[in-house]
Amino acid sequence: MLGHYIRQYWRIENSQNYVLDVVFKEDSSRITLDGAVENIALFRRFVMNMLKQCDCGAPSQKVKLKKAGWNDDYRARVFFGL
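Note that the structure is predicted; figures quoted are calculated from it, not measured.

1. Overview of unusual backbone geometry
- Even without being glycine, Lys25 reaches a positive phi, approximately 50 degrees.
- With respect to the secondary-structure elements, Lys25 resides in the loop between α1 (2-22) and α2 (36-53).

Okay, here's the thing in structure tokens:
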């Protein structure tokens, strides 16, 4: 029973870290200012959650993020749910 909860925690943690590393390239970030590291990490997690909640038809979060960068209307759908 306890093992199930531990595996569930690590499944969520690993999937979140994978998205932050692959989609947002968090590990290769060169930000080093005092408060900037925490601020950009918070912003990345905020955007990651918005991409997860968006049902915009794109197959992956990486594609959603790329399309949001290219298209203003798509970005509005992701951010505002329009």
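This is not the end of the story, as more comes after the structure.
2. Some thoughts on the packing of aromatic side chains
- As enumerated under the stated definition, the model contains one aromatic pair in all.
- Measuring from centroid to centroid gives 5.1 Å for Tyr9 and Trp10, while their planes differ by 80 degrees, and the two rings are edge-to-face.
- Accessibility expressed as a relative area gives 47% for Tyr9, which makes it partly exposed.

3. Some remarks on the state of the cysteines
- Applying the stated criterion to the full structure yields one disulfide.
- In this model Cys54 forms its disulfide with Cys56; the gap between the sulfur atoms is 1.7 Å.
- Look at Cys54 and you get buried, because its relative accessible area is 10%.

4. Considering helix α3 (residues 61-70)
- Of all the residues in α3, the buried ones are Gln61, Lys64 and Ala68. In a view along the axis of α3, the buried residues occupy a sector of 55 degrees, so they form one face of it. Summarising the geometry of α3, the exposed residues directed more than 90 degrees from the buried face are Gly69 and Trp70.
- For α3, the secondary structure elements touched by its buried residues are α1, α2 and α4 (72-80).

About the thresholds
- Residues numbered from 1 in each chain as written.
- Predicted model: local features only at pLDDT ≥ 70, side-chain atom pairs only at ≥ 80, totals over all residues.
- Heavy atoms only, no water.
- Helix = DSSP H or I, 4+ residues; strand = E, 2+ residues; numbered from the N terminus.
- Phe/Tyr/Trp six-rings, centres within 6.5 Å; stacked < 30°, edge-to-face > 60°.
- Buried < 20%, exposed > 50% of the residue type's maximum accessible area, 1.4 Å probe, protein only.
- Disulfide = S-S within 2.5 Å.
- Arc of directions from axis to C-beta.
- Contact = heavy atoms within 4.5 Å.

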